[in-house]
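Now for the letters of each chain:
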Amino acid sequence: MTPRVPGGPARRSRQVAIVVGVVAAVGAGGWFTGTQMQSPADAAAAHQPPKAGPVTVAVARQKLTATVVAQGTVEFGAPQGISLSGPVGSTGEDESTQRVTKLPAEGQTLTEGSVLMQVSGRPVFVLRGSVPMYRSLGPDSSGEDVRQLQSALRRLGHDPGAVSGDYREGTAAAVGRWYESKGHEPQSPGVADRQQRGDLEAAVSSARLALLDLQTGGGEDGGTATGAGSGEAADLRLRAARQELDRANAALNAFMATYGTKVPAGEVVFLPELPVRVDKVKVKLGGSLEGEVATVTSSDVVVQATVPATDGAALREGMEARIEAADGRQVRGVVSRVGGVDAGRAGDEAGAAPGEAGKAGTDGEPAGAGEAAGGEGAAGGEGAAGGEGAGADPAAPVPLEISVAEPGPLRNQSGGVAKVTIEVGASEESVLVVPVAAVRTSTDGKARVQVRRDGRTVTVPVTVGLAAAGLVEVTPGDGALDEGDRVVVGR
């Protein structure tokens, strides 16, 4: 009897199944490994770059706004230096010995009649006038500077009489009242002047007495001289006495013509426009007067900035600007100057709105940023003024000034930085736009774009318009361009 092996048939079945599974797994692994393996030739072929072709971008339809963006410095407008034209006080004062006894106050607003500072205890007043102070004004002075003084006295409520340009008694009296109203003594004749007047008056009196003595016979000969010779001598003495009296009177009259209340050259500063603001003080307390004593500005806030020539070509005086302060707050401003002092006039004569943009230099080359205004820059175009008329170098940066009527947060940020954004052009509605690099100009000066259609490159003539942010408006000449078309921007 043959012994039974436990689980014999079942065990053999399991073994067979395991062997079959292992063989299947090994076969599948070999197949997968074989599919992942490449020969060196296949690997090299798989890593070849794709066949070169044109780089394209889709034509878009959108509104286009061109802006010029710049960083500017907040300042107060119309800065000008102030110097004193002479010493304060009485005639003969040595300017080198005079000292500043009260400084100008930075930030102070000066109106007509304000005291700018004090020198050796004397005031320095500010008055409105276009002719600078260049001499002391007093009796016997005449000229436009005297007329300015008389007009200012009248505006301040101290009537000098006729505004004639001649400094006379009425002007002297008005000057005295003005000084006293400000708590200062007017510059009346000093000790030296009074002494000189006394000496001249004494000389007149002596000459008059000498002549009277001769006329009444009280001369040196006591009236006892006789004969023709004595008569001739008496006549000569009378003539000499009269001449001496005339000379004494002439000297006294000349002195009295300039004798009286005066305005020393250093005690008034004439400025064309008032009020002004003291921006910087350039002297020290106790210091001497050398050069400018202060810098004043208008009370208007301005932002000074500089932009590239391509952006400056699109700017015009009167354009609105958005100004962002360092803290993010915004105010509105107006472009008040583009380029140098005469640039605005030159720009007006050249005047034109933003015109054709995106004109390239040579056939097949993309338009440059300077000709089609890329970035956040300006609208390009031949019509934009400012370059040729403004200066010798059309590529030079263009300075500009933005006036801020309501400075708000900028008022206390003089010397700070602000961001300036100026809109120089905008499309009225959505227009077709392409990248600036897509526009090419042929040798005949006409612009065109290249469009990929059905595997081919087609040339489409276009008219270019507003440019901004790297895009340019295009109008197809025959309508063969639409939104979504792919234009070539490179290869």
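Anyway, here's the lowdown on the structure attached to this text. Every chain's residues receive numbers from 1 upward, in the order its sequence appears when written. Side-chain atom pairs in this predicted model are given and counted only at pLDDT of 80 or more, local residue features only at pLDDT of at least 70, and totals for whole chains, interfaces and linings cover all residues. As a convention, hydrogens and water are excluded, and side-chain values are obtained from all of the structure's heavy atoms.

**Concerning the pairing of strand 17 (residues 431-435)**
(1) Moving on: The cut-offs for exposure are 20% and 50% of the maximum accessible area for each residue type, with area from a 1.4 Å probe on protein chains only; residues under the lower value are buried, those over the upper are exposed, and the others partly exposed. Numbering of helices and strands runs from the N terminus, with a helix taken as a DSSP run of H or I at least four residues long and a strand as a DSSP run of E at least two residues long. Across the five residues that make up strand 17, a large majority, five, are buried.
(2) Moving on: Relative to strand 17, strand 2 (residues 60-62) runs antiparallel, the two being bridged by three bridges. Across the sheet, Ala60 pairs through a bridge with Val433, a residue of strand 17.
(3) Moving on: Pairing between two strands is assigned when DSSP locates at least 2 bridges connecting them. Bridge analysis of strand 17 against strand 21 (residues 471-476) gives three bridges, and the strand direction is antiparallel. Considered in strand 21, the bridge of Pro435 is made with Leu471.

**A closer look at the packing of aromatic side chains**
(1) Moving on: Pairs were defined over the aromatic rings of Phe, Tyr and Trp, the Trp ring being its six-membered one, requiring ring centres within 6.5 Å. Orientation was assigned from the angle between planes: stacked under 30 degrees, edge-to-face over 60, tilted for the rest. Within this structure, the stated rule accounts for three aromatic pairs.
(2) Moving on: Plain terms: the ring middles of Phe125 and Tyr179 are 5.1 Å apart, the flat faces sit at 80° to each other, and that makes the pair edge-to-face. Residue Phe125 is found in strand 8 (residues 122-128), and its partner Tyr179 is found in helix 4 (residues 169-181); the two are separated by 54 residues along the sequence. One exposure class covers both Phe125 and Tyr179, and it is buried.
(3) Moving on: Each ring, one from Trp178 and one from Tyr179, has its centre 5.4 Å from the other, and the planes form 75°; the classification is edge-to-face.
(4) Moving on: An aromatic cluster of at least three residues, connected via ring pairs, comprises Phe125, Trp178 and Tyr179.
(5) Moving on: The residue whose ring lies beneath Arg277 is Phe76, and the NZ or CZ to ring-centre distance is 3.8 Å. Placement of a positive charge over a ring is assigned whenever Lys NZ or Arg CZ falls within 6 Å of the ring centre and within 35 degrees of the normal to the ring plane.

**Concerning the nonpolar core**
(1) Moving on: One finds Val303, Leu315, Ile323, Ile402, Leu410, Ile422 and Val424 to be the most contacted residues of the largest nonpolar core, which totals 32 residues.
(2) Moving on: When contributions to this core are tallied by element, the ones reaching two or more residues are strand 3 (65-76), strand 12 (301-307), strand 13 (320-324), strand 14 (330-338), strand 15 (398-404), strand 16 (417-426), strand 17 and strand 20 (456-468).
(3) Moving on: For the purposes of this section, nonpolar cores are sets of buried Ala, Val, Leu, Ile, Met, Phe, Trp, Tyr and Cys residues that join through side-chain atoms within 4.5 Å. If you look at the next biggest cluster of nonpolar residues, it comprises 19 residues, including Leu116, Leu271, Leu289 and Ala294.

**Some words on helix 3 (residues 144-155)**
In an α-helix, one full turn covers 3.6 residues, which means residues spaced three or four apart are oriented alike.
(1) Moving on: Helix length check: helix 3 (12 residues) gives 16 Å between terminal C-alpha atoms against 16 Å at 1.5 Å per residue, within 8%.
(2) Moving on: Residues of helix 3 that are buried include every one of Asp145, Val146, Gln148, Leu149, Gln150, Ala152 and Leu153, and no others.
(3) Moving on: One or two steps after helix 3, the chain reaches Gly157, where phi turns positive at roughly 90°. The length a helix should cover is 1.5 Å for every residue beyond the first.

**Notes on the sheet that holds strand 10 (residues 276-281)**
(1) Moving on: Strands sit in the order 4-11-10-6 across an open sheet of four strands; the sheet is antiparallel. Across the chains shown, the open sheet's two edge strands, defined by having one partner strand only, are strand 4 (80-82) and strand 6 (109-110).
(2) Moving on: Here four bridges tie strand 10 to strand 11 (residues 294-297), and the two strands are oriented antiparallel to one another. In the strand pairing of strand 11, Val281 is matched with Ala294.

Take it as geometry only, folks, not as evidence of what the structure does.
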